[in-house]
Amino acid sequence: MNKFKKLLAFGLSLALLCGTAMSVQAANWIGPVTVRTDFSDNSVPAAVPVLQYAGTGNLTIPNVVLPQGTAYKITCTYGGKSNFSVKFITDERTELLVNAIGVYAGTTLLSDGNSAVPLGSLDVRGDGNWTITVSTVTNLSTKSVTSVGDKVTGIFSLPSTGTTVSMSNSGKGNFIVWAHYSDGTSQLLASAIGPYAGQMVINNPKNTTCYLEVKSEGQWAVDMGYADTLSLVPDIN
């Protein structure tokens with residue numbers, strides 16, 4: 001009888017392990033890494049996918065490494081109901097990239113390109129299906145953008161310095177806007193909780209290019225002060 005119980009327990013454990021393994025797709029390369037060192041508007045006019053992963057539930061993706069020379073963003077989608085988090089873990093640091101509850105689609109910055117991304121792992125926690133795409137920040141954008149949720153915009157030129165940026169947000173959570181300039185510097189343009197409407201004078205270098213990193217739970221808009229056409233940053237860009 002005890003032998004039968006042990007065999008039954010072993011069988012159940014094996015079934016659970018197999019079920020878990022079958023529910024998670026292995027990490028797949030979908031294209032070669034494109035090393036980019038030029039942030040001019042004449043560079044690659046689209047985001048280049050570098051790595052793509054898909055799975056269900058909790059999973060740690062090892063051996064994630066990206067070369068120096070370009071900025072990288074990470075786009076995540078999630079169809080579960082509970083908490084969804086994505087962390088990038090290296091020997092030096094643990095960075096929380098996504099922390100949401102319920103269905104999610106958004107993009108956050110993985111690396112600004114000033115240094116090589118160290119060998120690390122992506123730790124994914126959730127109870128539903130998810131996808132992760134790492135791509136280069138090489139797509140182009142207008143100087144005025146709007147969207148919903150976490151986004152990394154495309155690249156746009158800033159011919160002058162000292163312009164006034166106008167920003168608004170309708171979300172209830174954190175609203176954070178970073179401007180990343182092509183000389184390797186960054187500027188915090190907004191940091192608030194809840195609905196927001198405000199301005200900031202930018203201190204960018206002249207004749208530089210820039211992209212924005214936005215954290216929000218709602219609708220937001222950023223006008224860089226050049227009376228440019230307002231364009232939508234898509235969920236997957």
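Residues numbered from 1 in each chain as written. Predicted model: local features only at pLDDT ≥ 70, side-chain atom pairs only at ≥ 80, totals over all residues. Heavy atoms only, no water.

1. Focus: the overall build of the protein chain
Of the regular secondary structure elements, the protein chain holds one helix and 19 strands. Evaluated residue by residue, the protein chain yields a buried proportion of 46% over its 237 residues. The contacts of the protein chain with a sequence gap of at least 6 include a subset with a gap of at least 24, amounting to 76%. Accessible surface, the protein chain: about 11,800 Å² in total, of which carbon and sulfur atoms supply 58%. (Helix = DSSP H or I, 4+ residues; strand = E, 2+ residues; numbered from the N terminus. Buried < 20%, exposed > 50% of the residue type's maximum accessible area, 1.4 Å probe, protein only. Contact = heavy atoms within 4.5 Å. Areas by Shrake-Rupley, 256 points an atom, 1.4 Å probe, with all protein chains shown as cover.)

2. Notes on the sheet that holds strand 16 (residues 196-201)
Whether parallel or antiparallel, the strands of a sheet pair through hydrogen bonds between backbone atoms. Here we have five strands laid out as an open sheet, ordered 16-13-18-10-19, and mixed in their pairing. Edge positions in the sheet fall to strand 16 and strand 19 (230-232), since each has one partner strand and no second. The sheet shows a mean angle of 15 degrees between the axes of neighbouring strands, taken without regard to direction. Where strand 10 (residues 144-148) meets strand 19, three bridges bridge the pair, whose relative direction is parallel. Its bridge partner being in strand 19, Thr146 is matched across the sheet by Leu232. (Pairing = 2+ DSSP bridges. Axes fitted to C-alpha atoms, helices over the stretch in contact; angles between N-to-C directions.)

3. Description of unusual backbone geometry
Look at Asn207: it is not a glycine, yet its phi comes out positive at around 50 degrees. Examined against the element boundaries, Asn207 turns out to sit in the loop between strand 16 and strand 17 (208-215). We classify Asn207 as exposed; its relative accessible area is 65%. In this structure, Ala227 is a non-glycine residue whose phi angle is positive, near 55 degrees. Among the structural elements, Ala227 can be located in the loop between strand 18 (219-223) and strand 19.

4. Description of the sheet that holds strand 5 (residues 83-89)
The four strands lie next to each other as 3-8-5-6, forming an open sheet whose pairing is antiparallel. Because the sheet does not close on itself, it has two edges, and the strands there are strand 3 (59-66) and strand 6 (94-101). Adjacent strand axes in the sheet meet at a mean angle of 15 degrees, parallel and antiparallel pairs treated alike. Direction of pairing for strand 5 relative to strand 8 (residues 117-125): antiparallel, over a ladder of five bridges. The partner of Phe88 across the bridge, within strand 8, is Leu122.

5. Notes on the confidence of the model for the protein chain
Taken residue by residue, the protein chain gives an average pLDDT of 79. The fraction at 70 or more is 78%. Every residue in residues 1-45 scores below 50 in pLDDT, and together they form 56 contacts with partners more than four places removed in sequence or on other chains. (pLDDT = per-residue confidence, 0-100.)

6. Regarding the pairing of strand 8
Here five bridges tie strand 3 to strand 8, and the two strands are oriented antiparallel to one another. The partner of Ile61 across the bridge, within strand 8, is Leu122.

7. Section: the environment of Asn58
Along the polypeptide, Asn58 turns up in the loop between strand 2 (49-56) and strand 3. Excluding anything up to four places from it in sequence, Asn58 contacts Val124, Arg125 and Gly126. Polar side-chain contacts of Asn58 include one of 3.0 Å to the backbone nitrogen of Gly126. (Polar contact = N/O pair within 3.5 Å; in protein donor to acceptor, adjacent residues only side chain to side chain.)

8. As for the environment of Thr60
Tracing the backbone shows Thr60 in strand 3. With a relative accessible area of 41%, Thr60 lands in the partly exposed category. Taking the C-alpha atoms as reference points, Thr60 and Ile89, separated by 29 residues in sequence, lie 9.8 Å from one another. Among residues more than four places away in sequence, those in contact with Thr60 are Ser121, Leu122, Asp123 and Arg125. Here Asp123 takes part through its side chain, which lies 3.0 Å from a polar atom of the side chain of Thr60.

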